[in-house]
Amino acid sequence: MNPFEQKPMRTIVGSFRNFKELYPRAYNKHEVDPYTKTRIILMNGTEFEANWFSHQFARHTCNNDLRRELAMAREVEKQQQLYLALLKPCNETALEHTIGYEQLAVDLTAELAKRECDCNVKKALDFALLEDFDHLYRYANQLEMEQGVHAERLVGRYTEIMPGRPTIAHHRCPLDNVRKSINTKTADTMTVLATMIITAAEQQTMNYYMNITPFGMNDASRRLYQEIALVEEEHVTQYESLMDPNATFLEMLLWHEYTECYLYWSCLMTETDPCIKCIWEEHLDMELAHLHKAAELLKKYEGKEWKQVIAHPEFPAPLCLHENIDYVRQVLGSTVQYTSVKEDYHLLCDLSEDADFFKYQKIMIPSVDIVQSHCVIEHHIRRLGKDYRFEVAPNPVCELRDRTCDNTCVGRIKGAAQSTGFCCN
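None of these values were measured; they are calculated from a predicted model.

Novice: Pulling in residues and values, what's your account of the overall build of the protein chain?
Specialist: The helix and strand tally for the protein chain stands at 13 helices and two strands. Dimensions of the protein chain, computed from the C-alpha atoms along their principal axes, are close to 60 × 45 × 35 Å. Residues classed as buried in the protein chain amount to 60% of the 425 residues present. Excluding contacts between residues fewer than 6 apart, the proportion of contacts in the protein chain whose partners are at least 24 apart in sequence is 85%. Accessible area of the protein chain: about 17300 Å², with a carbon and sulfur share of 54%. Of the side chains in the protein chain, 46 bear a positive and 63 a negative charge, and the two mean positions are spaced by 2 Å.

Now the structure itself:
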């Protein structure tokens, strides 16, 4: 599908909804398909990114006619985001909802990585994949202790719940989280989409954790959200640095709207819930209007045709959220002992003792006992005799198989495990 050839059924003004129309019927948390829920979270984050980008654009132009055009589309984006956010039911707890965030992070990242032809981007995806995978495990243990809910039911047993690169190892010097950016003029269309999609998704996760932290039901939850929110800040720094910094605001406005159209179209093509599918169809039509407006503004203010920015407008195959157990296991078994160093990734054994990673670890972690991601597992083990997991086979990293002791060495101590390296497609 080429979205530039699709005529929107409504204008931007025609997309505004009244308050009765803006409040949706929430899904049933006991019946919803896990990937319907993750699609909702994904599109909520995508709308936030579009809205926030538009605000930043408005703050960097003095042309009030352009600002007014941005404000019109931005209001629709905000209505869309609020509508999607309210699909979450009142009786779904924050921790239950958090499991959906981490399942999305795992399966979205894996799916994007499996498609990625840019090795630099794929390595970034694979690296953070193991960290979000471990976050799912930590939150799942907190959920069972706090609410007696087994997260495997929430993820539909599509996503494993077991240790990845331990969260204690995720705390890196900020200098090591910045990556090499792509060039939208020469990059594959799917590569540009991947950088924008994953940045929006991780940013939404970071914002959610930053906002929910003070509302945790107890100190343990608050501390766990606090710790992982800081890791998500690292992930946003990594992913946003992949995006093209040389593209103009109007070029990136076009890419944002194109990305939204692609994602809503993907949701429409893969959704199993008839009611939610109608929402994707409606929102896709709204985004087509935004895309055509962005192309109009690009031509008016920069004299460029949309083809000069998006040379290959046909959508790639729909982005489908599904289980990625084998892929996650492969990445875990081959890269768990890596950390990031400036624009690349290195085995811990190749780092000098005065590397920024080790210096920062000493600042943040003078004692492992103050790290909540570790404490939650130890507490679970003390109460129930072992940690909570859902595995289809033993962990591919043998050092992470012990269910009666949380490993705090893998990923942060030299020689704590074996890793062979990253693979490119």
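Novice: Residue-level account of the environment of D350, with values.
Specialist: With respect to the secondary-structure elements, D350 resides in the loop between β2 (344-347) and α12 (356-364). With 328 residues separating them in the primary sequence, D350 and L22 have C-alpha atoms 55 Å apart.

Novice: Can you lay out helix α2 (residues 34-58) for me, pointing to particular residues and giving the numbers?
Specialist: With 25 residues, α2 should reach 36 Å at 1.5 Å per residue; the first-to-last C-alpha distance of 36 Å fits that figure. By the criterion of burial, α2 is predominantly enclosed, with 22 of the 25 residues buried. At the N-terminal boundary of α2, the capping side chain belongs to D33, with an oxygen 2.8 Å from the backbone nitrogen of Y35.

Novice: Residues and numbers for the nonpolar core, please.
Specialist: In terms of nonpolar packing, the biggest core is built from 113 residues, with L108, L254 and W280 touching the most fellow members. Here this core takes 14 residues from helix α5 (residues 119-147), the largest share from any one element. Beyond its immediate sequence surroundings of up to four residues, L108 is in contact with L42, I197, I198, A201, L319 and L321.

Novice: Can you break down the pairing of strand β1 (residues 338-341) residue by residue, with the values?
Specialist: Examined bridge by bridge, β1 and β2 share four bridges and lie antiparallel to one another. Its bridge partner lying in β2, S340 is registered against Y345. Remark: two residues form the turn of the hairpin made by β1 and β2, two consecutive strands paired antiparallel; K342 in that turn has positive phi of roughly 55 degrees.

Novice: Run through the state of the cysteines, naming residues and quoting values.
Specialist: Two cysteines, two sulfur atoms, one covalent bond between them: this is a disulfide. Applying the stated rule across the entire model yields one disulfide. Two residues, C119 and C424, share a disulfide whose sulfurs are 1.6 Å apart. Here C424 lies in the segment after α13 (372-384) and C119 lies in helix α5, a separation of 305 residues in the sequence. On the basis of relative accessible area, C119 is assigned to the partly exposed category, the value being 28%.

Novice: Got a sec to walk through the side chain of N51? Specific residues and values, please.
Specialist: Tracing the backbone through its elements, the reader meets N51 in helix α2. A residue is classified by how much of its surface remains accessible, and N51, at 4% relative accessible area, is buried. A distance of 3.3 Å separates a polar side-chain atom of N51 from the backbone oxygen of R74. Contacts of N51, omitting those with residues within four sequence positions, involve R74 and K78.

Novice: For the environment of N18, give the residues involved together with the corresponding values.
Specialist: Turning to its location among the elements, N18 is positioned in the segment before α1 (19-22). The class of N18 is partly exposed, set by a relative accessible area of 42%. From its side chain, N18 meets the backbone nitrogen of E21 in a polar contact 2.8 Å long.

Novice: Report on a nonpolar patch on the surface, specifying residues and quantitative values.
Specialist: On the surface, a cluster of nonpolar side chains totalling about 240 Å² of accessible area is made up of V13, F16 and M72. Within the element layout of this structure, F16 appears in the segment before α1.

Novice: If you had to explain the side chain of E251 to someone new, which residues and values would you point to?
Specialist: With respect to the helices and strands, the residue E251 is situated in helix α9 (residues 249-270). Of the polar contacts made by the side chain of E251, one reaches the side chain of K304; its length is 2.7 Å. With residues up to four places along the chain from it excluded, the contact list for E251 reads K185, L298, E302, K304 and V309.

Novice: Can you lay out the pattern of salt bridges for me, pointing to particular residues and giving the numbers?
Specialist: If you walk through the whole model with that rule in mind, you get 31 salt bridges. Two residues, E282 and R10, come together in a salt bridge whose shortest N-O distance is 3.8 Å. Placement of E282 in helix α10 (residues 274-302) and of R10 in the segment before α1 is noted, with a sequence separation of 272 residues between them. Look at R10 and you get partly exposed, because its relative accessible area is 27%. A salt bridge links R39 to E271; its shortest N-O distance comes to 2.9 Å.

Rules used in this analysis
- Residues numbered from 1 in each chain as written.
- Predicted model: local features only at pLDDT ≥ 70, side-chain atom pairs only at ≥ 80, totals over all residues.
- Heavy atoms only, no water.
- Helix = DSSP H or I, 4+ residues; strand = E, 2+ residues; numbered from the N terminus.
- Buried < 20%, exposed > 50% of the residue type's maximum accessible area, 1.4 Å probe, protein only.
- Contact = heavy atoms within 4.5 Å.
- Areas by Shrake-Rupley, 256 points an atom, 1.4 Å probe, with all protein chains shown as cover.
- Lys, Arg positive; Asp, Glu negative; His and termini not counted.
- Charge placed at Lys NZ, Arg CZ, Asp CG, Glu CD.
- Expected span 1.5 Å × (residues − 1).
- Polar contact = N/O pair within 3.5 Å; in protein donor to acceptor, adjacent residues only side chain to side chain.
- Core = buried A, V, L, I, M, F, W, Y, C linked by side-chain atoms within 4.5 Å.
- Pairing = 2+ DSSP bridges.
- Disulfide = S-S within 2.5 Å.
- Patch = residues over 30% accessible without salt bridge, like charges linked within 9 Å, V, L, I, M, F, W, Y side chains within 5 Å.
- Salt bridge = Lys/Arg side-chain N within 4 Å of Asp/Glu carboxyl O.

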